[in-house]
Each structure stands twice: as C-alpha cells, then as structure tokens.
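# A structural walkthrough
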Number of protein chains: 2
Amino acid sequence: MTDRIRDYLRARRDLGRDEGPVMVLDLEVVRENFSQFARALPDTRVFYAVKANPAPEVLRLLAEMGSCFDTASVAEIEMALAAGATADRVSFGNTIKKERDVVRALKLGIRLFAVDCQVEVEKIVRAIEAAGVEAADVQVFCRILCDGAGADWPLSRKFGCEPEMAVNVLEHAHRNGLNAYGVSFHVGSQQANTEAWDGALASASMIFQECALRGIGLSMVNLGGGFPTKYLKAVPGVESYGDAIFRALTKHFGNRIPETIIEPGRGMVGNAGLIEAEVVLVSKKSEAEDEVRWVYLDIGKFGGLAETMDESIRYAIRTDHDEDRMSPCVVAGPTCDSVDVLYEKNHYPLPVSLSIGDKVWIEGAGAYTTTYAAVAFNGFPPLEQIVI
Amino acid sequence: MTDRIRDYLRARRDLGRDEGPVMVLDLEVVRENFSQFARALPDTRVFYAVKANPAPEVLRLLAEMGSCFDTASVAEIEMALAAGATADRVSFGNTIKKERDVVRALKLGIRLFAVDCQVEVEKIVRAIEAAGVEAADVQVFCRILCDGAGADWPLSRKFGCEPEMAVNVLEHAHRNGLNAYGVSFHVGSQQANTEAWDGALASASMIFQECALRGIGLSMVNLGGGFPTKYLKAVPGVESYGDAIFRALTKHFGNRIPETIIEPGRGMVGNAGLIEAEVVLVSKKSEAEDEVRWVYLDIGKFGGLAETMDESIRYAIRTDHDEDRMSPCVVAGPTCDSVDVLYEKNHYPLPVSLSIGDKVWIEGAGAYTTTYAAVAFNGFPPLEQIVI
C-alpha cells in the first residue's frame with residue numbers, strides 16, 4: 001500500500017464513504033513501472049495492454065510518457081486515441097477480429113494488426129479495399145504458439161499457430177501486398193522464469209530465416225507480455241527480464257537484432273492498485289473443534305477477482321490483525337453462487353482475530369479486476385475504481 | 001427457438017441491426033414454466049431466484065402470476081418490489097449479508113431471512129433493534145449442506161451448515177425471540193436426479209424432530225432450486241420432480257407435511273432465452289490434415305457464457321448448416337484472454353461448412369447469462385437482452 005493510497009482511504013473513511021469494495025490505483029506507481037520498462041529494454045517500444053486496465057487516467061499518463069497501446073477491440077482503440085495516442089502508436093493485437101471492425105480500425109488510422117491464420121489475412125485484405133487504404137502501409141505480424149512453461153497462468157492454444165504455418169501466413173500477407181512485418185508470441189501470464197523468451201525467440205529467428213529465403217524481409221519481434229506483478233511470491237525485477245531477453249535476442253539473431261515490442265499489462269498496473277474490502281461473515285460449517293473457518297468478503301469472483309479462477313492468482317490479503325496468530329481459512333465472495341469461492345483447495349492463512357466488519361486490503365489488484373467485474377450479478381454493482 | 005423469437009430475430013436482421021450478440025427472451029415460455037411449477041407442486045410457494053435473470057419484464061410477469069421472489073441483495077429486493085411484489089412475497093435468501101443490508105431489508109418490509117450460523121442470527125437480532133421491528137415477526141430458516149450428487153453443477157460447501165449445527169442455529173434464533181421458521185437446502189444446480197431431494201428431506205425431518213424436542217415448532221422446508229433446463233441432454237419434466245418430492249415429503253414427514261417453498265431460477269427462465277451470435281473466425285493451429293478446427297464466436301466466457309467454466313454447462317449451439325457433415329471443434333470467445341475458451345477438453349461437433357460471418361444460436365440461454373457478463377472486458381459491451 002502506497003502512502004497516497006493510505007491517505008486516500010483514510011479520508012474516505014473519515015467522510016463515512018467507505019461502504020462497498022473499492023479499488024484505488026496510484027498513478028505514481030504506473031509512472032515508475034513505465035520508466036522501469038523503458039530503462040530495462042531501452043531499444044524496445046512499449047505497447048501497454050489496454051485490457052489490463054483501461055482507466056482514462058492510466059491511458060492519458062502512459063500516452064504522455066510516450067507509450068504505445070496494444071488493443072483488443074475498436075472500443076479500446078478509441079480509448080487509446082481519446083487518451084492522446086496517435087494512431088501510429090496503436091496496434092490491433094487481437095487475432096480474432098470481425099472484418100467490419102478491421103475496416104473501422106483502418107478508418108481510425110490503425111496500421112498494425114495481429115494475425116494467426118490465412119483467413120485473418122484475407123479479412124484484412126478485404127477491409128483495406130473497403131477502407132480505401134494503401135495495402136503496403138498496413139503491417140501485420142503473425143502470432144505463434146508458445147508453451148508458457150513457468151507461468152502462473154500458462155496460456156491455452158487459443159492464440160497463435162505453429163511456427164511452420166506462420167511462415168505461410170506471412171508469405172500470404174506479403175503476396176497480397178501487405179507489409180509482412182514480423183512475429184509475436186506470449187510466454188504466459190505472470191511468467192516467473194526470465195529465460196522463458198528463449199525458446200520462442202529461437203522459433204522467431206527460424207521464421208525470419210525461412211521468410212528471407214522466400215524473399216520476405218521481416219523486421220519486428222513482438223515479445224508480448226507476461227511480465228509479472230508481485231502477489232504473494234516475490235518475482236524477479238524488470239531488469240532481469242530485460243537482461244535475459246537481450247541475451248536471447250543476441251543468441252538467436254546475432255548482430256541483426258530486430259526491432260522489438262513488448263506488451264506489458266499486469267506488469268504495468270498490477271502493483272499500482274489496491275482493493276479495500278470488508279469481512280461480511282466468519283463462520284464454520286459444523287461445531288467440530290478442527291473445523292476450518294470460512295471468511296466471506298464483500299468482493300469475490302464476480303466482483304473483480306475473476307483471476308482467482310482455479311486459484312491461479314493468489315493475492316496478498318492484508319488486515320489490521322496481521323501480528324496475531326494465523327489459521328487457515330476458506331475465503332469466499334458475497335454472491336449466492338457456489339463457485340464464488342476464492343481459496344478453498346489451498347486454504348488461506350488469516351488472523352484468528354479477524355471479525356465481521358473488519359476491512360481487508362488486497363494487494364496487486366490494479367490489473368484485470370475492474371473490467372472483469374460482472375455487470376450486476378446478484379444485484380451487486382461492479383467494482384468501483386478510484387485513480388489518484 | 002420459439003416462433004416469437006424467430007420472428008423477432010428476422011425483423012432485427014431486416015433492419016440491419018443484427019450486429020453483436022443478443023439474448024432474446026420469450027416471456028410466453030416463462031409464463032408456461034411458472035404454470036408448470038404451480039401445477040407440479042400445487043401446495044408449494046414458488047420463490048423465483050431473481051439472480052437467474054432480473055429483467056424487469058420477467059419480474060413483472062411473475063409478480064402478476066403470483067410468484068414470490070428469492071433475492072440475494074438489497075438491490076434485488078428493490079427490483080422485486082418495483083415489479084409489484086409485496087414485501088411479504090420476498091425472501092432475503094443470501095446467507096452472507098451485511099448487517100446494514102439486513103436493516104435496509106427490514107425497513108423495506110422484508111421478514112424472511114436465510115441463515116447458516118449463529119453469528120448471522122445475531123446480525124439479524126441487532127438489525128431488528130436498529131430497524132425497530134418486532135422480533136417475533138421475523139422468520140429465519142437455516143440452510144443445511146447437501147452433497148449435490150447428480151447435479152451438473154454440484155454446489156460447494158459455501159452455503160449451509162451440518163444438520164446437527166442447524167438445530168443449534170435455529171434454537172439460537174428462537175431464544176432471541178425470532179420466529180425459527182424452518183430449514184432450507186439446495187440439491188445442486190441443473191439436478192438431473194429427481195430423487196435428489198430425498199436425503200436432504202431426511203435431514204430436514206431430523207431437524208424438525210430435534211427442534212420439537214427443544215420446544216421449537218418449525219413449519220417450513222425450503223426445497224431450493226436445482227430444477228434443470230434443457231441444454232444438450234434431455235432432462236426430466238417438472239411433474240417428475242413434483243411427484244418425487246411429494247413422495248419424499250410423505251416418506252419423511254408422514255401426514256404432517258410442512259409448508260414448502262421452491263426457488264427455481266434456471267428452471268424458470270433458462271429455456272426462455274436464446275442467444276444469437278456470430279462466427280468471427282474459423283482456423284487451425286497448424287497445416288496438419290487432422291488438426292482440429294477452432295471456431296471463435298463473438299460471445300464467450302466474459303460476454304455472458306460464464307457457466308461454460310470447467311465446461312459445466314454444454315449449451316446446444318444451432319446453425320443454418322446442421323444438416324451438413326459435422327466435425328469436432330474447439331469453441332472459443334472473442335477476447336484476448338486465453339481462458340476465454342468454451343469447449344476444448346470435450347470438442348464440440350459443428351458443421352464443416354460453418355464459416356466466418358455465419359450466425360449461431362445458443363439455446364437455453366435465459367438464465368445466468370446477462371448478469372454474469374463482464375462490464376467491458378477487452379472493450380466489449382455486456383450482453384444485450386431483448387425481452388419479448
């Protein structure tokens with residue numbers, strides 16, 4: 001918890017406005033995170049993954065600092081532009097796009113697109129015609145599959161294709177007059193292994209060589225996201241990632257290191273946000289001595305903590321009683337939904353003195369919380385966000 | 001798909017307004033479902049579980065037809081009252097309540113509350129004092145645990161306590177001047193076994209007897225929800241559930257059958273709703289002959305299909321090509337989130353001729369879709385609902 005967040009929450013409480021969970025996000029932390037990425041990877045352009053937290057204040061700050069933006073939809077493109085980014089600093093990074101959304105993006109000036117198959121290339125070709133844009137001005141990069149070993153949240157095979165296929169996809173783009181620009185991959189969310197980029201960079205290098213043999217000069221590698229934020233476990237610093245990535249680039253590309261991009265989301269805003277929530281109930285399921293306590297909070301899976309799914313993300317939960325004796329608990333949310341349980345397979349230690357009405361503070365909650373919240377499940381409003 | 005839904009969707013398309021997924025809900029189906037519950041369980045009061053679909057049109061129809069309402073929050077209580085239900089027809093069925101929300105509910109006239117532990121009883125006692133209400137007018141029922149065998153979505157241990165403990169919870173309510181009214185349980189969502197109520201009713205009967213020995217006359221059993229809607233698999237009709245429940249009641253309570261309540265949610269609105277969505281992309285991950293197709297829709301886990309979590313609910317997905325040859329697919333949503341995959345462990349058969357831009361129709365989507373949708377994840381708007 002930063003001093004600025006602590007002061008804000010104190011003032012809120014003094015005003016008696018502390019009902020309902022709230023996420024408070026400290027822009028100074030975002031500023032520091034951006035600077036760290038810029039320092040750790042000085043030759044790499046930063047494309048902030050808007051989906052992690054699209055708060056206008058965050059986007060404006062990052063636009064001012066020179067960040068570019070990775071977007072998932074036309075709505076996110078519009079948010080990035082509204083925050084002051086020029087269109088040449090925005091990529092449409094979703095490999096799953098409606099053709100009419102590609103047309104809209106082109107009309108908004110976007111020229112950088114992700115693809116992972118030939119039919120997606122064809123959509124872009126048709127959209128270019130519809131939008132009346134010069135094909136050669138449009139850059140596409142092909143996403144490849146990556147195993148995600150070492151990540152807290154390894155990605156499924158949803159995005160990307162096998163490297164061998166990527167060569168054909170890029171050739172297809174090239175033959176259709178597009179600028180076959182490069183390769184992207186994602187090493188898995190909350191990636192704790194700084195060496196995780198090595199294998200994917202080997203594949204990228206192979207694709208560069210194969211494309212060169214076919215007369216296509218690729219120039220860019222999009223290194224994706226995966227940079228972790230600190231939850232309960234310590235994670236390596238951004239510099240370690242920068243060093244390891246630079247070593248891997250040199251190893252696989254020698255002295256012809258390509259242009260690079262990173263797409264941090266969680267790593268940019270995760271540790272900037274803190275959720276203040278409240279204990280609604282502490283109870284047991286039977287009167288047996290050794291029965292585990294259930295601690296119910298006024299926030300759960302549907303109120304912003306969706307990433308506790310399968311207990312993947314283990315947030316640090318702080319209380320005013322953390323000096324007291326701890327005992328393992330099941331932690332659950334407030335809805336009438338039985339899957340709205342945060343930690344049950346692995347019990348969560350909380351103070352034995354924790355009681356109904358106590359506040360708790362959930363750290364590292366700046367990313368993937370507010371936008372994941374359900375519209376109004378059980379009548380509960382979505383998570384409120386305050387940016388300071 | 002009902003004729004009314006078909007006509008509506010055709011008109012929408014003719015107007016060129018068919019962009020983006022939409023859920024269309026036919027009130028005539030809800031009307032028929034309510035009548036079926038009333039016929040199948042003629043001596044049971046129906047408390048519609050508002051969380052399944054709180055559309056004002058649904059609540060108004062059910063209020064007119066004489067339904068009562070099971071609510072999870074003060075907001076849902078207010079919706080039920082706004083729809084025309086009187087306060088005596090509304091229960092606050094969430095066992096996890098903030099004390100100030102209990103006060104608010106009491107002030108709105110609510111007198112029926114769920115609990116599953118002594119501290120929750122104590123909250124109600126304090127709230128009664130704060131609200132200036134007569135304790136004896138306030139009815140509480142204690143929820144007990146139930147194993148949920150036979151349910152597509154067996155509930156966790158989140159709600160309820162062991163039956164032995166329930167006796168003490170009810171006695172605690174009684175000693176504090178409340179009306180210890182009865183027992184509730186939930187046999188698990190989408191329960192396919194009509195006999196599933198038997199075991200829980202045995203426990204309920206034991207609690208009635210034990211309370212009677214302590215001088216407390218319970219009068220109500222809340223049989224909960226669990227009544228299924230038809231997805232891909234056929235499910236028994238409501239009458240079969242009515243018959244089986246009546247047999248189990250007679251078996252365990254003899255000729256002293258208590259007052260009963262049911263809380264259908266999915267069973268009331270599930271089959272009334274249909275989602276129209278669009279195929280955004282059909283692709284493969286490699287060029288191998290036997291590679292499985294990935295079909296990406298413009299709706300996914302974060303756009304309303306949250307119940308595909310762990311592939312629990314397998315929706316019927318219809319297309320205009322269902323006469324063609326089928327082949328197994330992975331089905332995924334449109335967001336840049338790798339967990340936004342609907343069916344992957346168990347491939348879903350879809351027509352080989354299904355292509356980008358085709359419409360698909362997802363049946364049984366009237367319950368737990370619109371309210372589960374995320375606020376704006378990836379910039380995508382929440383699922384639109386049209387009630388006809």
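The residue numbers shown here count from 1 along each chain, following its written sequence. The order in which chains are written sets their letters, starting at A; the order in which ligands are written sets their numbers, starting at 1. Restriction of local features to residues with pLDDT of at least 70 applies here, the model being predicted, together with a cutoff of 80 or more for giving and counting side-chain atom pairs; totals for whole chains, interfaces and linings are based on all residues. By convention in this description, side-chain values take in all heavy atoms of the structure and omit both hydrogens and water.

### Concerning the overall build of chain A
Per the convention used, a helix needs a DSSP run of H or I reaching at least four residues, while a strand needs a run of E reaching at least two, with both numbered from the N terminus. Within chain A, the secondary structure is distributed over ten helices and 18 strands. Reported as C-alpha extents along the three principal axes, the dimensions of chain A are approximately 75 × 40 × 35 Å. Buried residues in chain A amount to 62% of all 388 residues. For chain A, restricting intrachain contacts to residue pairs at least 6 apart in sequence, the fraction spanning at least 24 positions comes to 73%. Here chain A holds 40 positive side-chain charges and 55 negative ones, and the gap between their average locations is 3 Å. When accessible area is computed with a 1.4 Å probe and restricted to protein chains, residues below 20% of their type maximum are described as buried, those above 50% as exposed, and intermediate ones as partly exposed. Note on contacts: a residue pair qualifies if any of its non-hydrogen atoms lie within 4.5 Å across the two residues. None of His or the chain ends enter the tally, which takes Lys and Arg as positive and Asp and Glu as negative. Charged groups are reduced to one reference atom each: NZ for lysine, CZ for arginine, CG for aspartic acid, CD for glutamic acid.

### Observations concerning the side chain of Asp26 of chain B
Relative to the elements of secondary structure, Asp26 of chain B occurs in the loop between β1 (22-25) and α2 (27-40). At 2.9 Å, the side chain of Asp26 of chain B and the backbone nitrogen of Glu28 of chain B are in polar contact. Here a polar contact means two N or O atoms within 3.5 Å. Within protein one must be a hydrogen donor candidate and the other an acceptor candidate, and residues neighboring in sequence count only if both atoms are side-chain atoms.

### Some words on the interface of chain A and chain B
Counting residues at the interface gives 77 residues for chain A, matched by 77 residues for chain B. With both sides pooled, the region where chain A packs onto chain B buries about 5900 Å², and carbon together with sulfur makes up 59% of that total. Two parts placed together each lose some accessible area under a 1.4 Å probe, and adding up what both lose gives the buried area. The three residues of chain A that bury the most area against chain B are Lys158, Lys285 and Cys336 of chain A, which together make up 12% of that side's buried surface. Criterion for a salt bridge: a side-chain nitrogen of Lys or Arg within 4 Å of a carboxyl oxygen of Asp or Glu. Put simply, chain A and chain B have 16 salt bridges between them. Residue Asp116 of chain A is joined to Lys285 of chain B by a salt bridge in which the shortest nitrogen-to-oxygen separation is 3.6 Å.

### Overview of the UniProt feature "modified residue: N6-(pyridoxal phosphate)lysine" (unreviewed entry) in chain A
According to UniProt, the positions carrying the feature "modified residue: N6-(pyridoxal phosphate)lysine" (unreviewed entry) are Lys51 of chain A. Summarising the element assignment, Lys51 of chain A is placed in the loop between β2 (44-49) and α3 (56-65). Apart from residues lying up to four places away in sequence, Lys51 of chain A is in contact with Asp70, Glu76, Tyr368 and Thr371 of chain A together with Cys336, Phe377 and Asn378 of chain B. UniProt positions are given in the numbering used here, feature names are shortened, and annotations may be inferred rather than shown by experiment.

### Quick look at the pattern of salt bridges
For the structure shown, the criterion picks out 64 salt bridges over all chains. In this structure, Lys98 of chain A and Glu278 of chain B form a salt bridge, with 3.9 Å as the shortest nitrogen-oxygen distance. Here Glu278 of chain B lies in strand β12 (residues 273-283) and Lys98 of chain A lies in the loop between β4 (90-92) and α5 (99-107), a pairing that spans two chains. The class for Lys98 of chain A is buried, based on a relative accessible area of 10%. On the basis of relative accessible area, Glu278 of chain B is assigned to the buried category, the value being 7%.

### What about the domain arrangement of chain A?
Residues and elements named next belong to chain A. Here the bounds of each domain stem from an automatic or database domain assignment. With domains assigned, chain A is organised as domain 1 (3-23 + 271-387) and domain 2 (93-264). Taken residue by residue, the interface counts eleven residues in domain 1 and six residues in domain 2. Summed over both partners, the interface of domain 1 with domain 2 buries about 860 Å², with 61% contributed by carbon and sulfur atoms. The largest share of the area that domain 1 buries against domain 2 comes from Ser312, Ile313 and Arg314, three residues that together contribute 41% of it. Run the count over domain 1 and domain 2 and you get zero salt bridges. For the pair domain 1 and domain 2, the interface holds one residue pair in polar contact (both at pLDDT 80 or more).

### Let's talk about the environment of Arg39 of chain B
Residue and element names in this part refer to chain B. Structurally, Arg39 is set in helix α2. A relative accessible area of 57% places Arg39 in the exposed class. Sequence separation of Arg39 and Tyr231 is 192 residues, and the distance between their C-alpha atoms is 23 Å.

### Some words on the relation of the copies chain A and chain B
Each copy of the sequence occupies a distinct position, and chain A is placed on chain B by a rotation of 180 degrees and an axial shift of 0.0 Å, giving an RMSD of 0.0 Å. Given the turn and translation reported, the copies of this chain are related as if by a two-fold rotation axis. Judged by C-alpha distance, Ala374 of chain A is the residue of chain A that lies nearest the rotation axis, at 2.1 Å. Here 100% of the contact residues of chain A are again contact residues in chain B; the copies associate through an equivalent surface. For this overlay, a least-squares fit was computed on C-alpha atoms, restricted to residues scoring pLDDT of at least 70 in both copies.

### Overview of the pairing of strand β2 (residues 44-49) of chain B
Residue and element names in this part refer to chain B. Of all six residues making up β2, five are buried, and the element is well covered by its neighbours. Only when DSSP finds a minimum of two bridges between them are two strands counted as paired. Note that β2 and strand β11 (residues 259-262) share three bridges and pair parallel. Within the sheet, the bridge partner assigned to Arg45 lies in β11 and is Ile261. Of the pairings in the sheet, the one linking β2 to strand β3 (residues 68-71) comprises three bridges and is parallel in character. Bridge pairing in β3 places Tyr48 opposite Phe69. Handedness of the β-α-β unit built from β2, helix α3 (residues 56-65) and β3 comes out right-handed. Crossovers are described as right-handed under a simple rule: with the strands pointing away from the observer, the path leading from the first strand over the helix to the second runs clockwise.

### Notes on the packing of helix α7 (residues 163-175) of chain A against helix α8 (residues 197-213) of chain A
Residue and element names in this part refer to chain A. Put simply, α7 and α8 touch, their axes get as near as 9 Å, and they point 40 degrees apart. Viewed along their axes, α7 and α8 adopt a mutual orientation that is oblique. Between α7 and α8 lies a crossing whose hand is right-handed. The residues of α8 that touch α7, namely those facing Pro163, Glu164, Ala166, Val167 and Leu170, are Ser203, Met206, Ile207, Glu210 and Cys211. Taken together, the residues that form the contact of α7 with α8 break down as seven nonpolar, one polar and two charged. Fitted lines through C-alpha atoms give the axes, limited to the stretch in contact for helices. The angle between two N-to-C directions lies from 0 to 180 degrees. Note that the term roughly parallel is reserved for angles under 35 degrees, roughly antiparallel for angles over 145, roughly perpendicular for angles of 65 to 115, and oblique for everything else. Less than a right angle of anticlockwise turn of the near helix away from the far helix marks a crossing as left-handed, whereas a clockwise turn marks it as right-handed. Gly is placed with the polar residues, together with every amino acid not listed as nonpolar (Ala, Val, Leu, Ile, Met, Phe, Trp, Tyr, Cys and Pro) or charged (Asp, Glu, Lys and Arg).

### A few points about the UniProt feature "active site" (unreviewed entry) in chain A
Residues annotated by UniProt as "active site" (unreviewed entry) correspond here to Cys336 of chain A. Structurally, Cys336 of chain A is set in the loop between β15 (326-332) and β16 (341-351). The residues touching Cys336 of chain A, leaving out its near neighbours within four places in the chain, are Asn378 of chain A together with Lys51, Ala72, Gly93, Asn94 and Phe159 of chain B.

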